[in-house]
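Structural overview
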Amino acid sequence: MIVLNAPILTQCRCSSFNDLNIHLCLQVACFSVPLLLSFPITVGVLIGSYSGHNELFDFWGSGIRWVETETSIGTFLEHFTIVYWIPVGIGAFVSLIYTAGHIWFPRCVRMATTDKLFLRPLYCGILLEQSMMMNRRRDEDELGEHKVFKEDDDDEIQSELLDPSAAKDKLRTDSTPMIFICATMWHETENEMIQMLKSVFRMDCDQSARRTAQIFFNITDPDYYEFEAHVFFDDAFEAHAHDDYEYKVNNFVKQLIRVMDIAASAVHNTVMKIPPPEKIPTPYGGRLEWKLPGGNLFTAHLKDKAKIRHRKRWSQVMSMYFFLGYRLLAEKIPLNRKQKRAENTFLLALDGDVDFQPHAVQILVDSMKKNRNIGAACGRTHPVGSGPMVWYQKFEYAVGHWLQKSTENTLGCVLCSTGCFSLFRGSALMDDNVMKRYTTPPSEARHYVQYDQGEDRWLCTLLLQQGYRVEYCAASDSFTFAPEGFFEFFNQRRRWTPSTMANILDLIQDWRQTTKKNEDISIMYMFYQLFLFCSSVVTPGTIFMLIVGAFNSVYHFDITVAFVVNLIPVAIFVLLCFKAPSNVHLGYAALLSIIYALVMLVVLVGLIKQIAENGFCSVTTVFVITLAGIFVISAILHPQEFGCLFHGVLYFLSIPSMSMLLMIYSVTNLQIVSWGTREFKTAAPPDYHEEQATTVSVEKNMLHKLMANFTNSEHINSEYVFSFGNLFGCICCPSQEVKEKTMKFNTILERVVVLENRMTEQVCGVNSLYSVSDLPCDSEPNNPLEVLPFSQNENSFGGVVKRENPLYKEEKQIPRDELRNPFWITDEDLAKGNIKVNHPEENEFWEDLISTYLFPLQDDKENEKRTNKKLTELRNTVCLVFVIINALFIILLFALETISEQTGNISFRMPCNIEGLKGEKVQPIVLAFTLVFGIPIVLQFVAMLFHRYSTFLHIAASTELKLKREVIGGSKEQKPSVDETIQLVHDMQAIRDDDEMSIASDYNIEPDYSDVDDEGGLKSTQGNELWANFRGRRKGLQPHRTLNRAFMKNFNRLVSEIKDDDAEENDKEAIHLNAQRKFRRFEKRSVHTIVKMSQADKEYKQSVVKHAHKWNEAVKKLGIKGQLKSTNQLNSFQDVVRAAMIKQGRTKLGVRPGMSQQNTPIPDRRNAKDTRSSSSDPFNERVQPKKPSTPSAWGRLLEARPNIPISKFETMVKQKEDNQAASSTEEISDEEALKEW
């Protein structure tokens, strides 16, 4: 049996290892070479063994002689050649090498599935290596790759070298991942906004480096992607009526504008000045568009709740329909290409306070690439903050991801892809039963709980029911701010808990259809979820009886007394949840949590004592040690998160509060459908940082945070306040702060006094600001006007002239066209950016979408009453079922425990063979606790081990392993790898103060690369020392610095270095020292890459130098050398280049520069991805002040063709100008000019 099974097991392991090596992108070294050499090496060993006269067989103990020992080696080979046809075998082997030549050129993605790697899932056991090689699929280019790259003529300008938008168009294919970052904001603080913006700026740097590396260094980046960042701002405007036109954006939007420069400066490690955003009115409110330093776009969609439905779910509906329904489906490409692009279009859902790295997004994209059936993927979320509540959440999040999510991913699918950091596939969301159903408004009471309280979980439920897989990637890390206060934490979980249970129950009820459609969800997995659901329901009763048992064992209370002692505070809490206000039962829950924590501390001491007395002869000892061992091993397998293990003590002390009180609070407040967090926060006004005082001590802040957990600080105005709900309160050191209502009344009184002093004037019925003496209307006063206050003018009370008081006169606002000139767009706090008019077709799309799905819900008091009544009835029903189940469970355990103490027939003692120790008596409570908590944890631990193995493979596949580090004096002509080139570009595009001017005045700004000439060499300019001293002394405004400018400066220096090294032919050590001197601020790895480039073959170096020459020639041909050195603070590199291209394109079209249209149009839907690519034209006369208005397209045509009769042409012009639609199509847009160029 051993002889028969050994080859079978060996072949199985060989097949699995081959599959693994291809997953890890080690196909050539660990798959192709071993399989190809296995046959000749085996034949060689057999032939070589003959020369030893069978000593090798004797060594292995084999008694079989495969050839006679007295035959000579020559005779044997001659006989073997003639009989066994060695030439034929060699020919067949060469044929195999030729046929399986594709195994030497793998192009598969990381962690690809087995069906994408091999034609058949099985192998041939007789010819193992041959079957494995022939079974390997050819990694052909994707069928959707319709992008055709043509070689540019030397006389033509390569636009991708100058314009990032053109580079994106050239690099993007149908399989290129397009990531739309969709963040939702509401009442985020300044720090939270900076956290998210820093992540976007990191993505901008990474994408720019990958794009630039492919354009200038001729590499193919398998991880290249494109992205746009979008923020959907809920309730972004001041409250106003429908007929009120004079309103502005709120302080949260202004706060976002202020922190853009702060976030950019933090990422680039230098003071940055981002250009002001372009302001665009839209049917849902408006949007602000920034151009990031890397050439990507950042858009803030400002939602007006008077025009569009607000809240997070409806913001997600906006993003889905806009990116997938308008931007993607409107492209003029075949249907199969649209499907391909939809599969590679991803929506990255973010919260407004999340922090992540580009590598985390790349890991999620890798998961999407390996399996097209994956509809969503989420990563590991780390809570950020300070205080005991955050410490508790750190361990809770760790256990939830280590055990729960990994188990769901291993046994079936993850049920919830968290909305704070998740990647959704566009084609999965476009499913009619997903995106269409996601727009369903709540019509029943349970809909408010399932749809709106946990929108991310409901969206995942829809994906699972449609057959898509939701995956968890532990290597993708993100960080989000967690609630730091007890009240905020309970309100957050009050929203999460019912939504979680409602969606799980919905999935369980639909188990037949779900298991039929979704191949990743089995019936056993549904049983696992059902078991967890039932365990969650009886968790409060289990914890209740655990506390009763603790009183009985530790404090030696009678079981009945312990039951009553524990029942009283819990019953009071339940009554308060039904009758008292929210702040009362939250304060009581906080107080009760402290008491239970103290009880659990004593229980912990009792457990330690019991473990010391009974040893391993106790169920408690086995359970506690097993549980602790699972947590410790899990932490060791997650070494970067090992610190979370130390918060486990706080987690243990909080078990009664978080497992019993929190569940009771969530169920009894089921009728509350508010968000629960960030509802009462206010943003700092624009001048807040200039006026705020910093005199509050650290001790005072800490005391405020401590006391805030036990009071409602919204209604009490004092320095230190402690209250027990509304029963009593203690105020210490009352403050002198003025109440908000008092300030409002004082302001109103001051305004009344001012208005009284500026009342109407008696001037022939015409209102004036002053009153005058009673004079006839047709007479002229002999004396100057005697200006008196209205209250002191006696003639004002008895005259015959009609007077009007503006206080009582209704002010009617003039209606405004809010799609062209809204009032909010003139707000000075929005910065002085360009104002653009949105495309009419996009406005039509938004109007249709709003009228169909997103129209704002009207405030209907009767409907609100009916909804509240339904929610209350649902709450009562759920509470009744919840109470009955837990009451029956508690009574059952209490009865069994009482019978066990009286008779002892139910309990039993554990067998113990250890001398001096006595087996513990096992009680029903212990068994119930073990079943409810022990079995799931052990199952989750086993599943976690498998998931950690897959995570290790994913990390290994995405990590570049260097078996041999090249040292000075190594081999020459080695091209740098893709990762090395991208890292070099990262350093080359980094904006540094020593390379570029970081401080300058408004009118004399040093150009970004004034010290670089057009030929790529360094140019010694006069006054460098003066500028160096000036930079050290003066602080001023920042020029607009982009990554492209910084890169081109360093790229010309790099080309100069390559030329010098090629001409001098220095050794590698000299080249390395020279590179270190010229690029002293670069990392060692980048310097090493520069040395590699200098030592590469001539063809590679010529291609790099050629790009530099083409760039310099393009600058000369466009005539923008002087513009690139412009002192205009808002002219970026991309703006100057695009303006020059537009100028030349219009010249080709017969349009003179300066005669372009006044408003830059937006392209139509067939090129929707470029709708926000227009920029200011520094060559265009329309941007200069005091210029005449721009003629229409027909007027430009009239100037271009003077030979046409004027009378006939004027008629044509008038007819065309009357037709607005036709006129808009005749406008020569910037995009048309670029196309002609």
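In this text, all values refer to a predicted model and were calculated from it rather than measured experimentally. (Residues numbered from 1 in each chain as written. Predicted model: local features only at pLDDT ≥ 70, side-chain atom pairs only at ≥ 80, totals over all residues. Heavy atoms only, no water.)

1. Focus: the overall build of the protein
Helices and strands together make up the secondary structure of the protein, namely 45 helices and 14 strands. For the protein, the proportion of its 1237 residues judged to be buried stands at 50%. Sequence separation of at least 24 residues holds for 77% of the intrachain contacts in the protein that already meet a minimum separation of 6. Of the accessible surface of the protein, which amounts to about 62,200 Å², a share of 59% is contributed by carbon and sulfur atoms. (Helix = DSSP H or I, 4+ residues; strand = E, 2+ residues; numbered from the N terminus. Buried < 20%, exposed > 50% of the residue type's maximum accessible area, 1.4 Å probe, protein only. Contact = heavy atoms within 4.5 Å. Areas by Shrake-Rupley, 256 points an atom, 1.4 Å probe, with all protein chains shown as cover.)

2. Thoughts on the confidence of the model for the protein
With 65% of its residues at a pLDDT of 70 or more, the protein has an overall mean of 74. Confidence drops under pLDDT 50 across residues 141-157; counting only partners more than four residues distant or on other chains, this segment forms 31 contacts. Taken as a whole, residues 1233-1237 scores under 50 in pLDDT and shows 18 contacts with residues more than four places along the chain or in a different chain. (pLDDT = per-residue confidence, 0-100.)

3. Some thoughts on the environment of Arg909
Take Arg909: it is sitting in strand 13 (residues 908-909). Residues Arg909 and Ser618, 291 residues apart in the sequence, show an inter-C-alpha distance of 8.7 Å.

4. Digging into the pattern of salt bridges
Applying the stated criterion across every chain yields a total of 28 salt bridges. The shortest N-O distance in the salt bridge between Asp355 and Arg202 comes to 2.8 Å. Of this pair, Asp355 sits in strand 7 (residues 355-356) while Arg202 sits in helix 9 (residues 190-217), and the two are 153 residues apart along the sequence. The residues Asp355 and Arg202 share a single accessibility class, namely buried. Between Lys305 and Asp235 there is a salt bridge, with the nearest N and O atoms lying 3.9 Å from each other. Here Lys305 is found in the loop between strand 5 (297-303) and helix 11 (312-328), whereas its partner Asp235 is found in the loop between strand 2 (226-233) and helix 10 (251-268), with 70 residues between them in sequence. Since its relative accessible area comes to 19%, Asp235 is described here as buried. One salt-bridge network, in which partners are shared between bridges, spans Asp174, Glu331, Arg337 and Arg341. (Salt bridge = Lys/Arg side-chain N within 4 Å of Asp/Glu carboxyl O.)

5. Some remarks on the packing of helix 32 (residues 861-902) against helix 33 (residues 924-957)
Where helix 32 contacts helix 33, the two axes come as close as 8 Å, and the packing angle between them is 140°. The pairing of helix 32 with helix 33 is recorded here as oblique in orientation. Touching Phe889, Leu893, Leu896, Glu897 and Ser900 of helix 32 are Pro924, Ile925 and Ala928, all from helix 33. (Axes fitted to C-alpha atoms, helices over the stretch in contact; angles between N-to-C directions. Parallel < 35°, antiparallel > 145°, perpendicular 65-115°, else oblique.)

6. Remarks on the side chain of Arg425
Looking at the secondary structure, you find Arg425 in strand 9 (residues 421-425). Although Arg425 lies buried, it forms no salt bridge, and the closest oppositely charged side chain, Glu343, sits 5.8 Å away as judged by the N-O distance. At 2.6 Å, the side chain of Arg425 forms a polar contact with the backbone oxygen of Glu343. A polar atom in the side chain of Arg425 sits 3.4 Å from the backbone oxygen of Arg372. Setting aside residues no more than four positions away along its own chain, Arg425 makes contact with Ala342, Glu343, Thr345, Phe346, Met368, Asn371, Arg372, Ile374 and Gly375. (Lys, Arg positive; Asp, Glu negative; His and termini not counted. Polar contact = N/O pair within 3.5 Å; in protein donor to acceptor, adjacent residues only side chain to side chain.)

7. Concerning the packing of aromatic side chains
The final tally for this structure, using the stated rule, is 36 aromatic pairs. Arranged with centres 5.5 Å apart and planes meeting at 55°, the rings of Trp290 and Phe298 form a pair that is tilted. Among the residues examined, Phe298 registers a relative accessible area of 1% and is labelled buried. With a centroid separation of 5.4 Å and an interplanar angle of 90°, the aromatic rings of Phe395 and Phe631 are classed as edge-to-face. Of this pair, Phe395 sits in helix 14 (residues 388-411) while Phe631 sits in helix 25 (residues 619-637), and the two are 236 residues apart along the sequence. Phe395 sits in the buried class, given a relative accessible area of 2%. An aromatic cluster is built from Tyr392, Phe395, Phe486, Phe487, Phe489, Phe490, Phe631, Tyr651 and Tyr665, whose rings are joined through pairwise contacts. Over the aromatic face of Trp314 sits the side chain of Arg309, whose NZ or CZ is 4.5 Å from the ring centroid. Its guanidinium or amino end placed over the ring of Trp314, Arg313 lies 4.2 Å from that ring's centre, counting from NZ or CZ. (Phe/Tyr/Trp six-rings, centres within 6.5 Å; stacked < 30°, edge-to-face > 60°. Lys NZ or Arg CZ within 6 Å of the ring centre and 35° of its normal.)

8. A look at the pairing of strand 10 (residues 469-481)
Two faces, one strand: in a regular strand the side chains alternate between the faces of the sheet. Most of strand 10 sits out of view: 10 of its 13 residues are buried. Here 2 bridges tie strand 7 to strand 10, and the two strands are oriented antiparallel to one another. Bridge pairing in strand 10 places Phe356 opposite Ser478. Here 10 bridges tie strand 8 (residues 374-384) to strand 10, and the two strands are oriented parallel to one another. Counted as the bridge partner of Pro383 is Thr480 from strand 10. (Pairing = 2+ DSSP bridges.)

9. Some remarks on the sheet that holds strand 3 (residues 278-282)
Here we have 10 strands laid out as an open sheet, ordered 3-4-5-2-1-6-9-8-10-7, and mixed in their pairing. Both edges of this open sheet fall to strand 3 and strand 7, since each of them pairs with a single strand only. Looking at chain direction, strand 1 (residues 178-185) and strand 2 are connected through 8 bridges and run parallel. Along strand 2, the bridge assignment pairs Cys182 with His230. Relative to strand 10, helix 13 (residues 358-370) is tilted by about 170°, and along the sheet it contacts strand 1, strand 6 (345-351), strand 7, strand 8, strand 9 and strand 10.

10. Some remarks on the environment of Thr560
Summarising the element assignment, Thr560 is placed in helix 23 (residues 559-579). Remark: the alpha-carbon pair of Thr560 and Val548, spanning 12 residues in sequence, is separated by 8.8 Å.

11. Side note on a negative patch on the surface
There is a patch of like negative charges on the surface, built from Asp859, Asp860, Glu862 and Glu864. Of note, Asp859 is situated in the loop between helix 31 (840-854) and helix 32. (Patch = residues over 30% accessible without salt bridge, like charges linked within 9 Å, V, L, I, M, F, W, Y side chains within 5 Å. Charge placed at Lys NZ, Arg CZ, Asp CG, Glu CD.)

12. Overview of the environment of Phe201
Mapping Phe201 onto the fold places it in helix 9. Once residues lying within four places of it in the same chain are set aside, the contact partners of Phe201 are Met260, Ala263, Ala264, Val267, His268, Ile274, Leu292 and Pro293.

13. A short note on the state of the cysteines
Counted by the stated rule, this structure contains 0 disulfides. The structure places no disulfide on Cys416, whose sulfur is separated from the nearest cysteine sulfur, that of Cys460, by 5.4 Å. Note on Cys416: relative accessible area 9%, which makes it buried. (Disulfide = S-S within 2.5 Å.)

14. Brief notes about the pairing of strand 9
Burial analysis of strand 9 places 5 of its 5 residues in the buried class, the great majority of the element. The two faces of strand 9 match: Phe421, Leu423 and Arg425 on one face and Ser422 and Phe424 on the other face are all buried. For strand 6 and strand 9, the ladder comprises 5 bridges, and the chain directions are antiparallel. Counterpart to Leu350 in the pairing with strand 9 is Phe421. Here strand 8 pairs with strand 9 via 3 bridges, running antiparallel. Within strand 9, the position partnered with Ala377 by the bridge is Leu423.

15. Thoughts on helix 22 (residues 539-554)
Taking 1.5 Å per residue as the helical rise, helix 22 with its 16 residues ought to reach 22 Å, and the 22 Å between its terminal C-alpha atoms agrees with that figure. Burial analysis of helix 22 places 12 of its 16 residues in the buried class, which makes it a mostly covered element. Of the surrounding secondary structure, the elements contacted by the buried residues of helix 22 are helix 21 (523-537), helix 23, helix 24 (582-614), helix 27 (655-668), helix 32 and helix 33. Positive backbone phi, at 60°, marks His556, one or two positions downstream of helix 22. (Expected span 1.5 Å × (residues − 1).)

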